[in-house]
Amino acid sequence: MNILFRQRDSKQCRFQMPNDVWKWELKPQGFAILAYLCYLHTHHRNFAVPGADQIAAQLHMSVDMAMEQLDQLNHRGLINENGVPMFENAGKNFFSLPNELFFLNTGHGAITVYAYLLYCEDRRTHQCHPSYRTISEAVHLTVATVMKHIARLADRQFITVENTTYIDKQGMKRNGNNLYTILPIQAAMDHCYQQQMLRLEERTLMQQQSKNPLRSPL
């Protein structure tokens, strides 16, 4: 098994982002790039800044978008010319993200939505219940896009989603905000590994069939 899938969710396998990041009005692409650079800087002190093409491929965005967001992050003083994050005026409060987030083929939109849920979570229960609209406003995506990313995160075992209800003042039963439970990152890693193995088995079967096609009856 790939060593990536043996790692566990520990403080040594995480990096920090400032709570104030949600006040900076970053696009999901900009947030994901900043988070990726934070990860690299935390665990690879002398890292060489990846090129825009590498960042684009890693975070599922166009090269032009990656270049534009890198320029904006630098212009706003959030990274220096060497790509090192600069958080001098970010306050004292931080939340953490798992390193493995960047190696599970997730994409910048889902990364940003997941990060916001981690920011909101109760550290004791690992649960939170922001509304779709609250998430939408925080991450600068439409409600429909947020719903798509929530479904994707649930499908890939990053989170579970529980529908809730409440009784209003008129005694009517109403739908409440979803209750999100943040799963250990190992669950997403295991799911990703299983999907990789399934795709490998499918490719192997297709190759075998192409080499040994069924003979047509005479």
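Everything that follows concerns the structure shown earlier in this document.
Numbers given for residues are sequential positions, taken from 1 along each chain in its written order. Under the rules for a predicted model, residues below a pLDDT of 70 receive no local features and side-chain atom pairs below 80 are neither given nor counted, while totals for whole chains, interfaces and linings still include all residues. Excluded from the side-chain calculation are hydrogens and water; included are all heavy atoms of the structure.

Caption draft 1: Up close: the packing of helix H5 (residues 132-139) against helix H6 (residues 143-155). One can describe the packing of H5 onto H6 by two numbers: an axis separation of 9 Å at closest approach and a directional angle of 100 degrees. Classified by the angle between their axes, H5 and H6 sit roughly perpendicular to one another. Counting all contacts with H5, which are made through Tyr132, Arg133, Ile135, Ser136 and Val139, the residues of H6 involved are Val143, Val146, Met147 and Ile150. Charged residues are taken to be Asp, Glu, Lys and Arg, nonpolar residues to be Ala, Val, Leu, Ile, Met, Phe, Trp, Tyr, Cys and Pro, and polar residues to be all remaining types, Gly included. Here the contact of H5 with H6 is composed, by residue class, of 7 nonpolar, 1 polar and 1 charged. The angle between two axes is taken between their N-to-C directions and runs from 0 to 180 degrees, where each axis is a line fitted to C-alpha atoms and a helix contributes only its stretch in contact. Counting from the N terminus, the helices are DSSP H or I runs at least four residues long and the strands are E runs at least two residues long. Orientation is classified from the angle alone, with under 35 degrees giving roughly parallel, over 145 giving roughly antiparallel, 65 to 115 giving roughly perpendicular, and any other angle giving oblique. When checking whether two residues touch, look at their non-hydrogen atoms; a contact exists if any pair is within 4.5 Å.

Caption draft 2: Representation of unusual backbone geometry within the structure. A positive phi angle, close to 55 degrees, is found at Asn105, a residue other than glycine. Looking at the element boundaries, Asn105 is found in the loop between strand E2 (94-98) and helix H4 (108-120). We note that Gln157 has phi near 70 degrees; this positive angle belongs to a residue other than glycine. Its place among the elements puts Gln157 in the loop between H6 and strand E4 (159-162). We call a residue buried when its accessible area falls under 20% of the maximum for its residue type, exposed when it is over 50%, and partly exposed in between, using a 1.4 Å probe and counting protein chains only. Assessed through its relative accessible area of 32%, Gln157 is described here as partly exposed.

Caption draft 3: Local environment of the sheet that holds E4. For two strands to be treated as a pair, DSSP must find no fewer than two bridges joining them. Ordered in space as E3-E7-E4, the 3 strands form an open sheet in which the pairing is antiparallel. Across the chains shown, the open sheet's two edge strands, defined by having one partner strand only, are strand E3 (127-128) and E4. Sheet topology note: the E3/strand E7 (residues 179-182) ladder contains 2 bridges and is antiparallel. Within E7, the residue paired with Cys128 across the bridge is Tyr180.

Caption draft 4: Main features of the pattern of salt bridges. A pair is scored as a salt bridge if a Lys or Arg side-chain nitrogen falls within 4 Å of a carboxyl oxygen belonging to Asp or Glu. Across all of its chains, the model carries 2 salt bridges by this definition. A salt bridge links Asp20 to Lys23; the shortest N-O distance between them is 3.5 Å. Asp168 is paired through a salt bridge with Arg174; the nearest N and O atoms lie 2.8 Å apart. When its relative accessible area of 14% is taken as the criterion, Asp168 is described as buried.

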